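Structural description and commentary
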Amino acid sequence: MTVCVAALSDDGKKAVLVADKLATDRGILPYQIEMAAPKIIKINDNISVMYCGGIADASIIIESCKKNIGENKWVTEITKLVCDKHLERLLELLTREQLTTRGIKDINEFYKEYTLKLDAETKNKIDLALTNNVLNSHNQFIVCGKESNGEYKIYWLGENPRIVPILMINGYSTIGSGSGYAGFSIIQSQYNKSLALEKVKEILIKAKKEAENDRDVGKSEDVIIME
């Protein structure tokens, strides 16, 4: 897993993002590589996205956002786009795994034509699979960036893309296996979003160091300043 932390400073006029760079594979031959996985991705001049969970699915989701950004350029718009593309990826995998292998084109075709043709056991099995709300990669995202008025905002997006993203009115957010350590450190620091940029940067770097108590958080980090 990982740790990603983002926080506002200067009453929302600036923001700081910090993330580790450890890549972890829990396959047949598990391994970890330090400095292998940038987890802060620039979407445009106003917006950056952070992620935890599987690198492959997160990369597909974020690249799809970049390709389909259109006229969207502010943080609320991009947050919705990330959520939409997350759901699109989930439905793509569910369709491939549960429908196309049975000769069914897509979800619409399943509900329109095949529900009456399939035996009850198979239909119920597919129904249950299609209600799955989480990718196997368990991706979460933080979207941080400007609104049209120049104010920075931070949104948290959980593993279930069907749930509306949460605007972090407290000014900060954490994700990843080390988020508990990081969040507690931020609380102890008496953080608030009116603090100056350098103080918030100091708080977040300390929070990331605390998160290293989790074995899946790397020792190196990326630090991004948005202003």
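What counts as what
Residues numbered from 1 in each chain as written. Predicted model: local features only at pLDDT ≥ 70, side-chain atom pairs only at ≥ 80, totals over all residues. Heavy atoms only, no water. Axes fitted to C-alpha atoms, helices over the stretch in contact; angles between N-to-C directions. Helix = DSSP H or I, 4+ residues; strand = E, 2+ residues; numbered from the N terminus. Parallel < 35°, antiparallel > 145°, perpendicular 65-115°, else oblique. Left-handed = near helix turned anticlockwise from the far one by under 90°. Contact = heavy atoms within 4.5 Å. Nonpolar A, V, L, I, M, F, W, Y, C, P; charged D, E, K, R; others polar. Pairing = 2+ DSSP bridges. Expected span 1.5 Å × (residues − 1). Buried < 20%, exposed > 50% of the residue type's maximum accessible area, 1.4 Å probe, protein only. Arc of directions from axis to C-beta.

Contact geometry for helix α3 (residues 107-114) and helix α4 (residues 120-130): axes closest at 12 Å, N-to-C directions at 150°. Relative to α4, the element α3 is oriented roughly antiparallel. Here α3 and α4 pass one another in a crossing that is left-handed. Residue-level contacts link Ile 107, Phe 110 and Tyr 111 of α3 to Lys 123, Ile 126, Asp 127 and Leu 130 of α4. Looking at side-chain class alone, the contact of α3 with α4 contains five nonpolar, no polar and two charged residues.

All right, on to the sheet that holds strand β11 (residues 221-226) then. The sheet built from four strands is open, its strands ordered β10-β1-β2-β11 with antiparallel pairing. Of all strands in the sheet, those with a lone pairing partner are β10 (172-175) and β11, marking the two edges. Shown here is a sheet whose adjacent strand axes are inclined to one another by a mean of 10°, direction ignored. Sitting on the sheet, helix α5 (residues 179-188) is in contact with β1 (4-9) and β10, with an inclination near 155° to β10. In this fold helix α6 (residues 197-211) packs onto β1, β2 (14-20) and β11, with an angle of close to 20° to the strand it touches most, β2.

Moving on, we come to α6. For α6, which comprises 15 residues, the first-to-last C-alpha distance of 21 Å matches the rise-based estimate of 21 Å (1.5 Å per residue) to within 8%. Among the residues of α6, Leu 197, Val 200, Ile 203, Leu 204, Ala 207, Lys 208 and Ala 211 are the ones counted as buried. Each buried residue of α6 sits inside an arc of 135° when the element is viewed along its axis, so together they form one side. Those residues of α6 that are exposed and angled more than 90 degrees off the buried face are Glu 198 and Lys 206. Looking at the buried side of α6, the elements it contacts are β1, β2, α5 and β11.

Keep in mind these values describe shape, not function.
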